Amino acid sequence: MVDFDIFNPPGIETDYFAAWTALLEGPGLVWTTANGGHWIGARGDIVRRLWADADRLSSECLAVTPRLGEVMQFIPLQSDGAAHKAFRGPVVKGFASRFITALEPGVEAAARELIAGLRERGACDFVSEFAEILPLNIFLNLIEVPLADRPRLRQLGVQLTRPDGSMTVEGLKQAADDYLWPFIERRMREPGDDLFSRILALPVQDRPWSVDEAQRMCRNLLFGGLDTVAAMIGMVALHLARHPEDQLMLRENPDMIPAAADELMRRYPTVAVSRNAIVDVEVDGLTIRKGDLVYLPSVLHNLDPACFDAPEAVQFDRGLIPVRHTTMGVGAHRCVGAALARMEVIVFLREWLAGMPDISLDPARSVTMKGGNVGACTCIPLVWNASID
Ligand code: HEM
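Residues numbered from 1 in each chain as written. Predicted model: local features only at pLDDT ≥ 70, side-chain atom pairs only at ≥ 80, totals over all residues. Heavy atoms only, no water.

S.K.: Explanation requested: the site of the ligand in the structure shown.
M.R.: Around the ligand, the surrounding shell holds 26 residues, and the nearest of these are His84, Arg88, Arg275, His333 and Cys335. In the model, an oxygen atom of the ligand is placed 2.7 Å from a nitrogen or oxygen of the Arg88 side chain. Interatomic distance of 3.3 Å between a backbone N/O atom of Gly224 and a nitrogen atom of the ligand. Elements supplying a minimum of two residues to the shell around the ligand: helix H4 (81-94), helix H11 (211-242), strand E5 (272-277) and helix H15 (338-355). Its residues placed into classes, the shell around the ligand shows 15 nonpolar, 9 polar and 2 charged. (Near = heavy atom within 4 Å. Polar contact = N/O pair within 3.5 Å; in protein donor to acceptor, adjacent residues only side chain to side chain. Helix = DSSP H or I, 4+ residues; strand = E, 2+ residues; numbered from the N terminus. Nonpolar A, V, L, I, M, F, W, Y, C, P; charged D, E, K, R; others polar.)

This is the structure:
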């Protein structure tokens, strides 16, 4: 039994990873009294095993956050079993690799536009001026909407990534639906070549999507791809800023970038998921009772030395099999956007290293982080010499 607040563990504001890995020193499964009481998987093998156990642990609850699951009703994320399969099928097809390849030029253009705007300045807060904007541009590309629509989506992205308390969970869901509805409505009526059209044109088993299901699915895609990608790209930039030797290595060996992206995504996981037990589940002599909530942070799998050798070391030649780590989940709900996210990280590394001089952290300002279902940096103050070509 511990008193561990998953939204605010001690030290999270300076080091998300150290704040969480402190739990690796205790038992593999702990009950925290914080946030109404729930289990936390606190050892790599247990996190991975419970995460993949979709028969006994349901995804319906979505999160420990009160009311979030009831309000969001994501499809496919909050469905189980046969219903999940029926919804996930068309979504997976919508993300087929040929579409991801076709999206790459748009992602490159979006990254270059942002880099061009920063290059001459010599300094930026990477989080608000790059990491949080790139995924918005990519989402607009996905649904084939002009980048000029960005300010409206940006407002939503900010509330999602850095909620300031001005919006309730219901308000956030409503704002997302209001933004998405005109596109969903048009794509259901006149399908185009964009992601929503592709998915909505495919049947859910043998019937069309209902309007409610279409909204829940598009909401899932919007929320699934903003916060997560922003957090990951932030961590990758922070790593580069702290490791000039890796900037040099990747500039000199750009063919290493895909392997580097895989290793950085393993090393800096910040997503945790929640499950509710459908039946009693025995783990290490403890019983997770039917109905109990279980929190599974991928950081405690990817950074457990029993699962990965020297897990905190970034080794671009680790030869990772990407599906072995849990950054993108494991089992039935493994991220449908995983290939897209990987492509985004690769394109970011390629374009950033090609377009920017060496970056470092501004010694006069601090890197700050936040906890939550998706942990992230809230400020990464970067500096560089703008007069170098
Ligand atoms: C680095 C970026 C990303 C990370 C770390 C990430 C992480 C994850 C994880 C851990 C899961 C599993 C959730 C669970 O088991 O409960 C998941 C599922 C999902 N992700 Fe991602 N994700 C990323 C990017 C994206 C993108 C770009 C999209 C779409 C635009 C997306 C859409 C989804 C959806 C729809 C699911 C639900 C899949 C299902 O329930 O079958 N994600 N993601």
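After that view, the rundown keeps rolling.
S.K.: Explain the sheet that holds strand E2 (residues 38-41) here, please?
M.R.: The strands making up a sheet are joined through hydrogen bonds of the backbone, oriented either antiparallel or parallel. Strands sit in the order E1-E2-E8-E5-E3 across an open sheet of 5 strands; the sheet is mixed. For this open sheet the edge positions go to strand E1 (29-32) and strand E3 (57-58), each flanked by a neighbour on one side alone. Looking at chain direction, E1 and E2 are connected through 4 bridges and run antiparallel. Considered in E2, the bridge of Thr32 is made with His38. Sheet strands touched by helix H2 (residues 44-52): E1, E2, E3, E5 and strand E8 (293-297). Its angle to E8, the strand with the most contacts, is close to 120°. (Pairing = 2+ DSSP bridges. Contact = heavy atoms within 4.5 Å. Axes fitted to C-alpha atoms, helices over the stretch in contact; angles between N-to-C directions.)

S.K.: Help me understand the sheet that holds strand E4 (residues 123-125) in this model?
M.R.: Strand order in the open sheet made by the 3 strands is E4-E12-E9, with antiparallel pairing throughout. Sheet topology places E4 and strand E9 (360-361) at the edges, where each strand pairs with a single neighbour. For E9 and strand E12 (residues 381-383), the ladder comprises 2 bridges, and the chain directions are antiparallel. Of the residues in E12, the one forming a bridge with Leu361 is Leu382.

S.K.: Would you explain the packing of H11 against helix H12 (residues 244-252) in this entry?
M.R.: Each pair of packed helices gets described by two things: the angle between the helix axes and the distance between those axes. Where H11 contacts H12, the axes come no closer than 5 Å and their chain directions differ by 100°. The angle between H11 and H12 places the two elements in the roughly perpendicular class. Residues His239, Leu240, Ala241 and Arg242 of H11 form the contact with H12, whose participating residues are Pro244, Asp246 and Gln247. Looking at the contact of H11 with H12 residue by residue, the classes come out as 3 nonpolar, 2 polar and 2 charged. (Parallel < 35°, antiparallel > 145°, perpendicular 65-115°, else oblique.)

S.K.: Before we go on, may I ask you to explain a nonpolar patch on the surface in this structure?
M.R.: Taken together, the side chains of Trp181, Met188 and Val211 present a nonpolar region at the surface, about 230 Å² in accessible area. Within the fold, Val211 resides in helix H11. The class of Val211 is partly exposed, set by a relative accessible area of 41%. (Patch = residues over 30% accessible without salt bridge, like charges linked within 9 Å, V, L, I, M, F, W, Y side chains within 5 Å. Areas by Shrake-Rupley, 256 points an atom, 1.4 Å probe, with all protein chains shown as cover. Salt bridge = Lys/Arg side-chain N within 4 Å of Asp/Glu carboxyl O. Buried < 20%, exposed > 50% of the residue type's maximum accessible area, 1.4 Å probe, protein only.)

S.K.: Got a minute to help me understand H4 in this structure?
M.R.: Because the α-helix completes a turn every 3.6 residues, residues three or four places apart line up on one side. With 14 residues, H4 extends 20 Å from end C-alpha to end C-alpha; this agrees with the ideal 20 Å at 1.5 Å per step. The sharpest bend along H4 reaches about 30° and sits at Arg88, with the proline Pro90 one to four residues further on. Within H4, burial applies to His84, Ala86, Phe87, Arg88, Pro90, Val91 and Gly94. Those residues of H4 that are buried lie in contact with helix H5 (97-119), helix H10 (195-200) and H11. (Expected span 1.5 Å × (residues − 1). Bend = angle between axes of the 7 residues up to and from the residue.)

S.K.: Sorry, what's going on with H12 here?
M.R.: Among all positions in H12, only Asp246, Gln247 and Leu250 are buried. The buried residues of H12 occupy one face: seen down the axis, they fall within an arc of 105°. Where H12 is buried, its residues touch H11, helix H13 (257-267) and H15. (Arc of directions from axis to C-beta.)

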